[in-house]
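One-letter residues, chain by chain:
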2 protein chains.
Amino acid sequence: MVTIYDIAAKANVSAMTVSRVINNTGKISDRTRAKVRKVMEELNYVPNHNARSLVLQQTRSIFLLITDIANPFYTTLARGAEDAARKNGYRLLFGNSDENLAKEADYVQTILTTRVDGVLVAPAGDPSLPHLEALKKHNVPFVLLDREVPGIECDIVLGDSKDGARRLVEHLIGEGHQRIALVNGSSSISSARLRLQGYQEALKLGGIEYRDDYLFEAGFGPSHDPRGIECWFEGLAEQPTAIMAGNNVLAMAIIRLLRERGLKVPDDLSVVCFDDLGPFAEIDPFLTVAAQQAYQFGYLGIQLLIDRIITREMASPWNKIVLPADLLIRRSVKRLTPAAD
Amino acid sequence: MVTIYDIAAKANVSAMTVSRVINNTGKISDRTRAKVRKVMEELNYVPNHNARSLVLQQTRSIFLLITDIANPFYTTLARGAEDAARKNGYRLLFGNSDENLAKEADYVQTILTTRVDGVLVAPAGDPSLPHLEALKKHNVPFVLLDREVPGIECDIVLGDSKDGARRLVEHLIGEGHQRIALVNGSSSISSARLRLQGYQEALKLGGIEYRDDYLFEAGFGPSHDPRGIECWFEGLAEQPTAIMAGNNVLAMAIIRLLRERGLKVPDDLSVVCFDDLGPFAEIDPFLTVAAQQAYQFGYLGIQLLIDRIITREMASPWNKIVLPADLLIRRSVKRLTPAAD
DNA sequence: TATGGTAAGGTTATCGGTAACATTCTTATG
DNA sequence: CATAAGAATGTTACCGATAACCTTACCATA
């Protein structure tokens, strides 16, 4: 590999002069600058990022840790983050924890050893606490995305889960549904808890009693076993007329399950969910959803993070951005006549 | 930040002894090892990856550059790569070029400066040549994915585009279609060229004449303007009975376009495409596709790459893995009676 | 008792950059 | 023409780790 010393030697200057040319610092005569530039071209010089960040104590890179790379919510979020990072001259590195604490722990280790300037994290859930504490302890600025973690104070970008869920359920009630089930993510995830709250609130407002057997907790992730949902569904004494899914991945599992049982949506059962399905569900915009502004999660998250990185102010009050969800009413909910129920 | 020197001082040993404990090298007494370990815990030591890779001249990390993070083909590929990398003790970094040469060039720069041990690249197309040449020149081992680039010799994992395309078209012909259009990716992408060849071959075998106006070249990427397709479709003198899309993103564009015009698939027009749609099209497995083994692309790609990294053999014959595509026949093709046409 | 082999650990130089300070070269000014 | 004030460049030390070599101390053996 070519180093600044090779260039310095060939250009008959000191390494420091080369460094100055590269970074446009200090005073360099045009003649020298041109000479050094020419040698750099000839030798195909590429700066060594590791050496640079070792002495500078900063890397100009940000790590984005998401929980599911197959989920369009997170890939869209990632694009937002990437755009914002590029715009600010930061390199963005991605990691994918798969909603898995062990992988998350691994990535936190990577983050610490590579000395990135900051981190954007969608945490796996409340048990991510020690991971975030580790970041805190090592003074790595970070911004949480999508999920709060009790015990951690930091900047955060959230969706309005409670409100979105409430509006979804209110829509169902408005269409005449009374027996509404919720298949949710784990209650160790803040957004799942809020969606449950929104669900319960809407039921209450609608004068519908909350039933324990209509709540099932699965995993938000791609790798959870769908048979849990099947068992729950089979075991139901009274079939609901509508199911709300806590996120898009769960909605997929539910719809597949219903199809396998020959149940048509919405004719036999209505389905709604949180999060939109991304471009690949465009074949037939069918599912009624509470769509989140995924791109903004990433974009705004990077902005909050870069603010912290630049000011190095970890004491000033924490920012909390709450983005509303859009209710997109499509065709997965059947209108029930009062008599029909 | 805590360094090995801080630990050395507190444990009353030399930095070298600390290094030996960390890496399990050399001879260290159990007493010393325990003492050093204890101090490391107390001080929350985290090794500095930059310093380490500076002296070792290797980073144990691999860069994966994909062209579309929103495309399930690539995210599935990414999971395969991630799994394979983890299994081999390599860190995996992702980049997303968005089918955009400028972004790709940028990422190549990042790759060179960060001195990763190797790269997995899905190139934007033939014009990616200089980027790959840069990797070659700097002796960075790389493996191509999904697309060949004329002028570059290297290990590569490909799908059998020609065969898959031929089978898709043969299926259409078998169902009685004669007027079959192809909306393809840019001809500067090898896989698009092969898909065109497969298309033409199937037409020939079926005794159908190739028509120039039934070929439209759009972009494989997420950011291309769908109005091009609209114009082409509007301008058609004779409407085809079936359209084959060069990949899944194009299929989405076509289906949206048809829907906007009130044309039903497959009743009014049949559609097939290359690549499956991922979990989020499970709502209704509808589109007949040539599905590629996306996960394997990533998994096998990493294996080829790590072989090169370990042997440092850049001279031995290049590996070329060609993965077949599965024809998944679903419901987006209408059977035409000979009379109907 | 001399010898040497090995276990355990220390010293020094180096990876490729940059900050801080030092030095040399210009140029304008009294 | 001497000289001071910058402009242009060089020197040295250091960022945090590891490789290569060196030093002890101890024990077994002839």
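Quantities reported herein were computed from a predicted structural model and do not represent experimental measurements.

Attention now moves to the UniProt feature "domain: HTH lacI-type" (unreviewed entry) in chain A. UniProt records the feature "domain: HTH lacI-type" (unreviewed entry) at residues 2–56 of chain A, using the numbering of this structure. Segment residues 2–56 of chain A splits into 71% helix and 0% strand. End C-alpha atoms: 20 Å apart.

Turning to the protein's contact with DNA strand C, a few remarks are in order. Around DNA strand C, a shell composed of 28 residues is seen, among which S19(A), R52(A), T17(B), R20(B) and T32(B) lie nearest. Backbone atoms, meaning sugar and phosphate, make up 62% of the atoms of DNA strand C lying within 4 Å of the protein. Separating a phosphate oxygen of DNA strand C from a backbone N or O atom of I4(A) is a distance of 2.9 Å. Here a phosphate oxygen of DNA strand C and a backbone polar atom of S29(B) are 2.8 Å apart.

With that out of the way, let us pick up the interface of chain B and chain A. Listed as interface residues are 57 residues of chain B and, on the opposing side, 56 residues of chain A. When the buried area of chain B at its contact with chain A is split by residue, R115(B), F280(B) and I283(B) rank highest and sum to 16% of it. On the surface where chain B and chain A come into contact, there are 8 salt bridges. Close ionic contact of K103(B) with D83(A) constitutes a salt bridge, the shortest N to O distance being 4.0 Å. On inspection of chain B and its partner chain A, the count reaches 15 residue pairs in polar contact (both at pLDDT 80 or more). Among the secondary structure elements, those contributing two or more residues to the side of chain B that touches chain A are α4 (49–56), α5 (72–87), β2 (91–96), α6 (101–114) and α11 (248–260) of chain B. With 8 residues, α6(B) is the largest single contributor of residues to the side of chain B that touches chain A. Residues of the side of chain B that touches chain A, tallied by class, amount to 26 nonpolar, 16 polar and 15 charged.

What follows covers the packing of helix α1 (residues 4–11) of chain B against helix α2 (residues 15–23) of chain B. All names here are of chain B. Relative orientation of the contacting elements α1 and α2 amounts to 110°, with a least axis distance of 8 Å. Classified by the angle between their axes, α1 and α2 sit roughly perpendicular to one another. Here α1 contributes I4, Y5, I7 and A8 to the contact with α2, which in turn contributes A15, V18 and I22. Classifying every residue of the contact of α1 with α2 gives 7 nonpolar, no polar and no charged.

This next bit is on the pattern of salt bridges. This model, assessed by the stated rule, comprises 50 salt bridges over all chains. R166(A) is paired through a salt bridge with E201(A); the nearest N and O atoms lie 3.0 Å apart. In this pair, R166(A) sits in helix α8 (residues 161–174) while E201(A) sits in helix α9 (residues 190–205), placing the two residues 35 residues apart along the sequence. One salt bridge in this structure joins R331(B) and D284(B), with 3.0 Å as the shortest N-O distance. Of this pair, R331(B) sits in the segment after β12 (326–328) while D284(B) sits in the loop between β9 (270–274) and β10 (288–291), placing them 47 residues apart in sequence. Within the structure, one salt-bridge network assembled from shared partners comprises K162(A), D163(A), R166(A), R167(A), E170(A) and E201(A).

As a further point, take the packing of aromatic side chains. Within a pair of aromatic rings, the relevant descriptors are the distance that separates the centres and the angle that separates the planes. Applying the stated criterion across every chain yields a total of 14 aromatic pairs over all chains. Ring geometry for W232(B) against F233(B): centres 6.2 Å apart, planes inclined by 55°, an arrangement best described as tilted. Accessibility assignment for this pair places W232(B) and F233(B) in one class, buried. In this structure an aromatic cluster arises from ring pairing among F73(A), Y74(A) and F297(A). In this arrangement the basic side chain of R60(A) is found over the ring face of Y90(A), its NZ or CZ atom lying 4.4 Å from the centre.

Turning next to the relation of the copies chain B and chain A. Least-squares fitting of chain B to chain A yields an RMSD of 0.1 Å, with the superposition described by an axial translation of 0.0 Å and a rotation of 180°. Both chain copies can therefore be described as sitting about a two-fold axis. When the interface residues of chain B are mapped onto chain A, 98% of them are again interface residues, pointing to one common binding face.

With that settled, the discussion passes to the protein's contact with DNA strand D. Taken together, 28 residues sit near DNA strand D, with T17(A), R20(A), T32(A), S19(B) and Y45(B) positioned nearest. Take Y5(B): an N or O atom from its side chain is 2.9 Å from a base nitrogen of DNA strand D. One of the side-chain nitrogen or oxygen atoms of S19(B) is found 2.3 Å away from a phosphate oxygen of DNA strand D. Secondary structure elements with two or more residues in the surface near DNA strand D: α2 (15–23) and α4 (49–56) of chain A together with α1, α2 and α4 of chain B. At 5 residues, the largest contribution of residues to the surface near DNA strand D is made by α4(B). Classifying every residue of the surface near DNA strand D gives 14 nonpolar, 10 polar and 4 charged.

Let us look at the side chain of T114(A). Structurally, the position occupied by T114(A) is in helix α6 (residues 101–114). One polar contact links the side chain of T114(A) to the main-chain carbonyl oxygen of T110(A), over a distance of 2.7 Å. Sequence-distant contacts of T114(A), defined by excluding residues within four places in its chain, comprise T59(A), H49(B) and N50(B).

Calculation criteria
Residues numbered from 1 in each chain as written. Chains lettered and ligands numbered in written order. Predicted model: local features only at pLDDT ≥ 70, side-chain atom pairs only at ≥ 80, totals over all residues. Heavy atoms only, no water. UniProt positions renumbered as here; feature names shortened; annotations may be inferred. Helix = DSSP H or I, 4+ residues; strand = E, 2+ residues; numbered from the N terminus. Near = heavy atom within 4 Å. Polar contact = N/O pair within 3.5 Å; in protein donor to acceptor, adjacent residues only side chain to side chain. Contact = heavy atoms within 4.5 Å. Buried area = accessible area lost by both parts, 1.4 Å probe. Salt bridge = Lys/Arg side-chain N within 4 Å of Asp/Glu carboxyl O. Nonpolar A, V, L, I, M, F, W, Y, C, P; charged D, E, K, R; others polar. Axes fitted to C-alpha atoms, helices over the stretch in contact; angles between N-to-C directions. Parallel < 35°, antiparallel > 145°, perpendicular 65-115°, else oblique. Phe/Tyr/Trp six-rings, centres within 6.5 Å; stacked < 30°, edge-to-face > 60°. Buried < 20%, exposed > 50% of the residue type's maximum accessible area, 1.4 Å probe, protein only. Lys NZ or Arg CZ within 6 Å of the ring centre and 35° of its normal. Least-squares fit on C-alpha atoms with pLDDT ≥ 70 in both.

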